[in-house]
Amino acid sequence: MSRKPIIAGNWKMNKNYGEAVVLAQSISNRMDDFWLNKVDVVVCPPFIDLKPVKTVFEFDRMDVELGAQNVHWEEAGAFTGEISTGMLKNVGCDWCIVGHSERRTLMGETNEDVNRKAKALIAAGMKPIVCVGESLAVRDAEAQDEFVCAQVDAAFAGIPAASAKSCVVAYEPIWAIGTGRTATPEQAEAMCAAIRTTLARIYDQETADQMRILYGGSMNPGNAEGLLAQENIDGGLIGGAALDADSFVDLVKAAL
Ligand code: PGA
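In this text the structure is predicted, and so the values were computed from the model without any measurement. (Residues numbered from 1 in each chain as written. Predicted model: local features only at pLDDT ≥ 70, side-chain atom pairs only at ≥ 80, totals over all residues. Heavy atoms only, no water.)

A.B. asks: How would you explain the nonpolar core if you had to name every residue and give the values?
C.D. replies: Membership of the largest hydrophobic core comes to 70 residues, with the highest contact counts inside it found for Ile27, Met31, Phe156, Ile195 and Leu199. In terms of residue count, helix H9 (residues 185-202) provides more of this core than any other element does, 7 residues in total. Setting aside chain neighbours within four positions, we find Leu199 in contact with Val152, Phe156, Val169, Asp204, Ala208, Met211 and Ile213. Ile6, Val168, Ala170 and Leu237 belong to the second-largest nonpolar core, a separate cluster that totals 12 residues. (Core = buried A, V, L, I, M, F, W, Y, C linked by side-chain atoms within 4.5 Å. Buried < 20%, exposed > 50% of the residue type's maximum accessible area, 1.4 Å probe, protein only. Helix = DSSP H or I, 4+ residues; strand = E, 2+ residues; numbered from the N terminus. Contact = heavy atoms within 4.5 Å.)

Put into structure tokens, the structure is as follows:
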């Protein structure tokens, strides 16, 4: 089964307006648009940088896609500080990260919130990148498969197979995020395979085989090759290494 890989950069709360434009332009300058036939490239800047970053790629006719880092499930209304799917679509944003571990642990985002957000994105014709991953305590207790697969079950509750096919799952062990301590290719592959088995149980094998599963957590040009070579790893969700144009584009090249 050949799935088109995805390299997605999660800029988190980094880069002001000017810096975001410079980074987008530097990425664009280093990219070859031919590569985009072979790999989907997504950048997820802070909300206020979405439009200027989109403009850079549009001007260069470089089909790098845009993702947000969060969304609210309601369409509009009295939700101070929140952003809707419609607002994101309106600035040319087709992807959105949901359930990132930083949002789960620091902002109290629950499995139910993740499910509501994924459903709202699908309803708006957008593609969720659903993040799952265990803490070190869960891994030390050897409960990681059960924990992560329960997150997958909860995230996809009530989402039909036809819609799930456009969704992406990102396995990001919390102990590997921003720590420089990456999961070994074997650890990452074992979990991504378990996630695919879970998706096959929820839906069917064909649907699970079409869905793309990413690894995230201290991925960089030095360790990407081994991770991307794994059968069930279809790309990466990149934090720190996505903030530098050279290393981000090296990761794109590694996925070609
Ligand atoms: P990292 O972050 O690459 O800096 O570990 C990945 C993520 O949190 O998505």
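A.B. asks: Now, about the site of the ligand: what can you tell me, with residues and values included?
C.D. replies: Not every one of the 13 residues close to the ligand is listed here, only the nearest: Lys12, His100, Glu172, Gly178 and Ser218. Between the ligand and His100 there is a distance of 2.7 Å, counted from an oxygen atom to a side-chain nitrogen or oxygen. Glu172 places a polar side-chain atom, nitrogen or oxygen, 2.7 Å from an oxygen atom of the ligand. Isolated, the ligand exposes 280 Å² of accessible area, and the fraction of that covered by the protein chains is 95%. Taken together, the residues of the shell around the ligand break down into 4 nonpolar, 7 polar and 2 charged. (Near = heavy atom within 4 Å. Polar contact = N/O pair within 3.5 Å; in protein donor to acceptor, adjacent residues only side chain to side chain. Areas by Shrake-Rupley, 256 points an atom, 1.4 Å probe, with all protein chains shown as cover. Nonpolar A, V, L, I, M, F, W, Y, C, P; charged D, E, K, R; others polar.)

A.B. asks: Tell me about the packing of aromatic side chains, and please be specific about residues and values.
C.D. replies: Taken as a whole and judged by the stated rule, the model has 2 aromatic pairs. Directly above the aromatic system of Trp73 lies the positively charged group of Arg116, at a separation of 4.5 Å from the ring centroid. (Phe/Tyr/Trp six-rings, centres within 6.5 Å; stacked < 30°, edge-to-face > 60°. Lys NZ or Arg CZ within 6 Å of the ring centre and 35° of its normal.)

A.B. asks: Could you give an account of the sheet that holds strand S6 (residues 168-171), naming the residues involved and the relevant values?
C.D. replies: Backbone hydrogen bonds are what pair the strands of a sheet, in a parallel or an antiparallel way. Spatial strand order, S1-S2-S3-S4-S5-S6-S7-S8: 8 strands in a closed barrel with parallel pairing. Neighbour-to-neighbour, the strand axes of this sheet turn through a mean angle of 25 degrees, independent of strand direction. Summarising the sheet, S6 and strand S7 (residues 212-216) pair through 4 bridges and their orientation is parallel. Each residue of the ladder has a partner; that of Ala170, found in S7, is Leu214. (Pairing = 2+ DSSP bridges. Axes fitted to C-alpha atoms, helices over the stretch in contact; angles between N-to-C directions.)

A.B. asks: Tell me what's going on with the side chain of Asp113, and back it up with residues and numbers.
C.D. replies: Counting through the fold element by element, Asp113 comes out in helix H5 (residues 111-123). Beyond its immediate stretch of four places on either side in the chain, Asp113 contacts Trp73 and Gly108.

A.B. asks: Help me get a handle on helix H2 (residues 50-59), residues and values and all.
C.D. replies: In an α-helix, one turn spans 3.6 residues, which is why side chains three or four residues apart end up on the same side. Within H2, the full set of buried residues consists of Leu50, Pro52, Val53, Lys54, Val56 and Phe57. On its buried face, H2 sits against helix H1 (17-30), strand S2 (40-44), strand S3 (65-68) and helix H3 (85-90). Phi turns positive one or two residues past the end of H2, at Arg61, with a value near 50 degrees.

A.B. asks: How would you explain H1 if you had to name every residue and give the values?
C.D. replies: For H1, which comprises 14 residues, the first-to-last C-alpha distance of 20 Å matches the rise-based estimate of 20 Å (1.5 Å per residue) to within 8%. Looking only at H1, the buried set comprises Ala20, Leu23, Ala24, Ser26, Ile27 and Ser28. For H1, the secondary structure elements touched by its buried residues are S2, H2 and helix H12 (245-254). If you check the start of H1, you find a side-chain oxygen 3.2 Å away from the backbone N of Gly18, and it comes from Asn16. (Expected span 1.5 Å × (residues − 1).)

A.B. asks: So, the packing of H1 against H12: which residues are in play, and what are the values?
C.D. replies: Two quantities define a packed helix pair, namely the angle between the axes and the distance from one axis to the other. Direction vectors running N to C along H1 and H12 enclose 45 degrees, while the axes themselves pass 9 Å from each other. Here H12 runs oblique to H1, going by the angle between their axes. The handedness of the crossing between H1 and H12 comes out as right-handed. Side by side, H1 and H12 meet where Leu23, Ser26, Ile27 and Arg30 of the first sit next to Ala245, Asp246, Phe248 and Val249 of the second. Counted by class, the contact of H1 with H12 contains 5 nonpolar, 1 polar and 2 charged residues. (Parallel < 35°, antiparallel > 145°, perpendicular 65-115°, else oblique. Left-handed = near helix turned anticlockwise from the far one by under 90°.)

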